[in-house]
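Listed below, chain by chain, are the residues.
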Amino acid sequence: MPIQPSDFKYISEFIKNASGIVLQPGKEYLVENRLEILSRNLKLENIETLVKKLQQATSSDLSQKVIDALTTNETSFFRDKHPFESLKKAILPDIIKKRSAIKQINIWCAASSSGQEPYTIAMVLKEMSYLLENWKINFIASDISEEMLERCRQGIYTQMEVGRGLPPNLLPKFFSRHQNSWQVKPDLRKMIDFRSFNLCKQWPFMPSMDIIFLRHVLVYFNDSMKKEIFGKVRRLLKPDGFLFVGSGDNPEILDKNFIRKEFSTSACYKIVSP
């Protein structure tokens with residue numbers, strides 16, 4: 001049964017208020033498909049029943065389930081490949097040189113989804129461990145979805161998931177067999193502090209960051225919210241730090257305090273020097 005216009009309007013307003021994600025007209029099919037699955041899982045008659053329960057909800061449990069269902073979680077290991085080549089070949093060597101006195105690096109992956117991106121970053125760091133001996137690495141990865149965060153912490157992926165983007169030689173190095181799937185080895189899982197984080201609400205305290213990954217998430221926000229997020233990122237990023245965004249994002253358009261930095265394989269952004 002197609003989603004009713006009034007239900008789509010309510011869901012659109014709900015998800016915007018809860019997460020900042022804008023569901024424009026034309027996204028009815030996405031909402032319908034995902035909420036149909038959620039309705040079946042909750043043994044509800046249809047989407048209309050789900051929306052009524054959401055309107056009457058006295059706890060946050062159903063609200064979180066709807067947020068989890070509607071936040072896009074499509075990702076893969078080493079997605080787009082080139083940013084991670086720049087991280088390994090140019091950015092980490094630069095940060096390591098500049099932080100040699102304090103031997104500490106702070107990294108934030110701001111939209112961890114099901115964990116492939118933060119674990120990719122962790123694998124790059126592990127591959128460079130010969131340069132990071134006795135260093136302290138503070139690595140925070142965050143997401144709005146509690147369901148996805150639990151997946152991240154478990155680090156369990158199907159054969160198809162590890163087959164998407166993960167170099168074959170890294171599978172036995174960083175994963176162990178887990179029944180019919182693969183699990184990230186404990187030493188890699190322990191590197192990352194997975195946290196619940198809503199980019200559109202008040203941000204909790206975090207240390208100043210050397211590297212921030214903010215990829216494949218801003219596309220779901222309007223320009224006003226993007227500008228607000230870039231302002232917060234700018235205040236969190238160290239003056240000589242690096243910001244990675246998705247290929248369709250351009251901080252310079254909304255915040256003139258960012259400047260594009262080109263590398264041989266990709267680009268990222270830095271804060272404009274005073």
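Residues numbered from 1 in each chain as written. Predicted model: local features only at pLDDT ≥ 70, side-chain atom pairs only at ≥ 80, totals over all residues. Heavy atoms only, no water.

**Student:** I'd like a description of the overall build of the chain, backed by residues and values.
**Tutor:** Each helix and strand counted, the chain has 12 helices and 10 strands in total. A compact globule built from 274 residues would reach a C-alpha radius of gyration of about 19 Å, and the chain, at 20 Å, matches this within 12%. A principal-axis box enclosing the C-alpha atoms of the chain has dimensions of 60 × 50 × 30 Å. Evaluated residue by residue, the chain yields a buried proportion of 51% over its 274 residues. Roughly 14000 Å² of accessible area belongs to the chain as shown, and the carbon and sulfur atoms make up 51% of that amount. Charged side chains in the chain number 40 positive and 31 negative. The centres of these two groups are separated by 6 Å. (Helix = DSSP H or I, 4+ residues; strand = E, 2+ residues; numbered from the N terminus. Rg over C-alpha atoms; globule rule 2.2 N^0.38 Å. Buried < 20%, exposed > 50% of the residue type's maximum accessible area, 1.4 Å probe, protein only. Areas by Shrake-Rupley, 256 points an atom, 1.4 Å probe, with all protein chains shown as cover. Lys, Arg positive; Asp, Glu negative; His and termini not counted. Charge placed at Lys NZ, Arg CZ, Asp CG, Glu CD.)

**Student:** How would you explain the environment of Glu 127 if you had to name every residue and give the values?
**Tutor:** Tracing the backbone shows Glu 127 in helix H6 (residues 116-127). For the pair Glu 127 and Leu 54, spaced 73 residues apart in sequence, the C-alpha separation works out to 46 Å.

**Student:** Report on the pattern of salt bridges, specifying residues and quantitative values.
**Tutor:** In the structure shown here, the tally under the stated rule is 16 salt bridges. Residue Lys 173 pairs with Glu 127 through a salt bridge whose shortest N-O separation is 2.4 Å. You can see Lys 173 sitting in helix H9 (residues 171-174) and its partner Glu 127 sitting in helix H6, a full 46 residues away along the chain. According to the relative accessible area criterion, Glu 127 is partly exposed, its value standing at 25%. Glu 262 is paired through a salt bridge with Arg 260; the nearest N and O atoms lie 2.5 Å apart. One salt-bridge network, in which partners are shared between bridges, spans Arg 99, Asp 210, Lys 238 and Asp 240. (Salt bridge = Lys/Arg side-chain N within 4 Å of Asp/Glu carboxyl O.)

**Student:** I'd like to hear about the nonpolar core, residue by residue, with values.
**Tutor:** Residues Leu 35, Trp 108, Leu 199, Leu 214 and Leu 243 are the most contacted members of the largest nonpolar core, which totals 49 residues. Secondary-structure elements contributing two or more residues to this core are helix H1 (5-19), helix H2 (28-41), helix H3 (47-56), helix H4 (61-70), strand E7 (209-214), helix H11 (223-236), strand E8 (237-245) and strand E10 (267-271). In this structure, Leu 35 is in contact with Ile 11, Ile 47, Leu 50, Val 66, Ala 69 and Leu 70, ignoring residues within four places of it in sequence. Counting residues in hydrophobic clusters, the runner-up holds 43 residues, among them Phe 139, Leu 166, Phe 175 and Phe 263. (Core = buried A, V, L, I, M, F, W, Y, C linked by side-chain atoms within 4.5 Å. Contact = heavy atoms within 4.5 Å.)

**Student:** Give me H6: which residues, what numbers.
**Tutor:** Spacing of three or four residues puts side chains on the same side of an α-helix, whose turn is 3.6 residues. Over its 12 residues, H6 runs 16 Å from end to end, which matches the ideal 16 Å to within 8%, given 1.5 Å per residue. Among the 12 residues in H6, 10 count as buried, and that is most of the element. All of the buried residues in H6 are Gln 116, Glu 117, Pro 118, Tyr 119, Thr 120, Ile 121, Ala 122, Met 123, Val 124 and Leu 125. (Expected span 1.5 Å × (residues − 1).)

**Student:** Explain the side chain of Lys 226 residue by residue, including any values.
**Tutor:** Along the chain, Lys 226 falls in helix H11. Buried and without a salt bridge, Lys 226 has Asp 223 as its closest oppositely charged side chain, separated by 4.1 Å. Among residues more than four places away in sequence, those in contact with Lys 226 are Leu 218, Val 219, Phe 221, Asp 249 and Leu 254.

**Student:** Break down the packing of helix H5 (residues 82-98) against H6 for me, with residues and values.
**Tutor:** One can describe the packing of H5 onto H6 by two numbers: an axis separation of 10 Å at closest approach and a directional angle of 40°. Relative to H6, the element H5 lies oblique. H6 is crossed by H5, and the crossing has right-handed handedness. Here H5 contributes Phe 84, Leu 87, Lys 88 and Leu 92 to the contact with H6, which in turn contributes Glu 117, Thr 120, Ile 121, Val 124, Leu 125 and Glu 127. (Axes fitted to C-alpha atoms, helices over the stretch in contact; angles between N-to-C directions. Parallel < 35°, antiparallel > 145°, perpendicular 65-115°, else oblique. Left-handed = near helix turned anticlockwise from the far one by under 90°.)

**Student:** Run through the pairing of strand E4 (residues 175-178), naming residues and quoting values.
**Tutor:** Pairing geometry for E4 and strand E5 (residues 181-184), over 4 bridges, is antiparallel. Paired with His 178 across the two strands is Ser 181, which belongs to E5. In this structure, the hairpin formed by E4 and E5 is closed by a connection of 2 residues, where Gln 179 is found at a positive phi of approximately 55°. (Pairing = 2+ DSSP bridges.)

**Student:** Got a sec to walk through the pairing of strand E2 (residues 136-143)? Specific residues and values, please.
**Tutor:** Of the pairings in the sheet, the one linking strand E1 (residues 104-109) to E2 comprises 6 bridges and is parallel in character. Pairing of Ile 107 across the sheet is with Phe 139, part of E2. Crossover connection from E1 via H6 to parallel E2: handedness right-handed. (Right-handed = clockwise from strand over helix to strand, strands pointing away.)

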